[in-house]
Amino acid sequence: LYPKDEDALRIVQYNVGYFEKYVANSIPMVVSMMTELEADIVGFNELDCMNGRHDIDQIAQFAHGMNGWKSVFGPSAEWNGGHIGVGIAWNPAVTGELVEEHFISLPNDGEDRGCLVLEFDSFIYATTHLEVSSSSERLKEVQTITARIKEWYSGKDKPVFFGGDMNEYSNSAAVIWLGTDWDRLSCEKATFQNGTCIDMIFGLKGEGSYELLGSDVGTGLKSADASKASDHFPVYIDVKLNDN
């Protein structure tokens, strides 16, 4: 259902709802889904890490299920004796070595947010989960993220990809503002079960050389019922990284 070119790097962005939206533990379901999708790197939103709700590092457990994958958790906020946040898991056989990592804290009057940024041998990927209740805060958050990423990676000649649960529609102020520095790479299909598209992936303009091969949302997977794994669906892009 989701064919993948042999030269493609498949980048997935997925809000997993703490792996418990509709079942007690959806990690095995998501492992099956990402295996079927042939994902190479996944940015996750809504993760628990060693807190009172789940006393495990959820993304590390997911990576363990993927047989040889690695992961980094980004602690966005302290919660219930531990943390909640975002994370990235990847297949090092495809992505190459992790070069460096950064975490951008995005404090606000509601729930603190964050953006995890990982640099690999040939590309950079960042994931975030923007503020849910305030459009003005979301605009400030994408401005902060963009400024930091450009400070670190402008001129490195590596493609820079940025995904997340934006909690915004395509015509929102934050997404329109992102269009100044970023190209929207992911498709417009619904990523949330209410029929809206709020999970997106972008590419930083003018950085590195790559070709967008396609994008889709994984709603019709055979290995697991995506509507039971989370209230979101995984969105992905396929890119071909060109030699610089």
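What counts and how
- Residues numbered from 1 in each chain as written.
- Predicted model: local features only at pLDDT ≥ 70, side-chain atom pairs only at ≥ 80, totals over all residues.
- Heavy atoms only, no water.
- Helix = DSSP H or I, 4+ residues; strand = E, 2+ residues; numbered from the N terminus.
- Buried < 20%, exposed > 50% of the residue type's maximum accessible area, 1.4 Å probe, protein only.
- Core = buried A, V, L, I, M, F, W, Y, C linked by side-chain atoms within 4.5 Å.
- Contact = heavy atoms within 4.5 Å.
- Pairing = 2+ DSSP bridges.
- Axes fitted to C-alpha atoms, helices over the stretch in contact; angles between N-to-C directions.

K.L.:
So what's going on with unusual backbone geometry? Residues and values would help.
P.N.:
With a phi close to 55°, Met-50 is a non-glycine residue in the positive phi region. Within the secondary structure, Met-50 sits in the loop between strand E2 (41-49) and helix H2 (58-65). You will see that Asn-67, though not glycine, has its phi angle at about 60°, which is positive. Structurally, the position occupied by Asn-67 is in the loop between H2 and strand E3 (70-79). Assessed through its relative accessible area of 69%, Asn-67 is described here as exposed.

K.L.:
For the nonpolar core, give the residues involved together with the corresponding values.
P.N.:
Formed by 33 residues in total, the largest nonpolar core has its most connected members in Tyr-14, Val-30, Met-34, Phe-44 and Phe-62. Looking at this core, the elements that each hand over two or more residues are strand E1 (9-15), helix H1 (27-37), E2, H2, helix H6 (226-229) and strand E12 (235-241). When residues in this core are grouped by element, the largest group, 7 residues, is from H1. Setting aside its immediate chain neighbours within four residues, Tyr-14 contacts Val-30, Met-33, Met-34, Val-42, Gly-43, Phe-44, Asn-45, Ala-229, Ser-230, His-232, Phe-233 and Pro-234. Ranked by size, the runner-up nonpolar core spans 21 residues in total, among them Cys-115, Val-117, Val-142 and Ile-145.

K.L.:
How would you summarise the sheet that holds strand E11 (residues 210-217) if you had to cite specific residues and measurements?
P.N.:
If you walk across this open sheet you meet the 6 strands as E3-E4-E2-E1-E12-E11, and the pairing is mixed. A strand with exactly one partner marks an edge of an open sheet, and here the two such strands are E3 and E11. Taking the axes of each pair of neighbouring strands and ignoring which way they run, one obtains an average angle of 20° across the sheet. Taken strand by strand, H1 contacts E1, E2 and E12, and its axis lies near 155° from that of E1.

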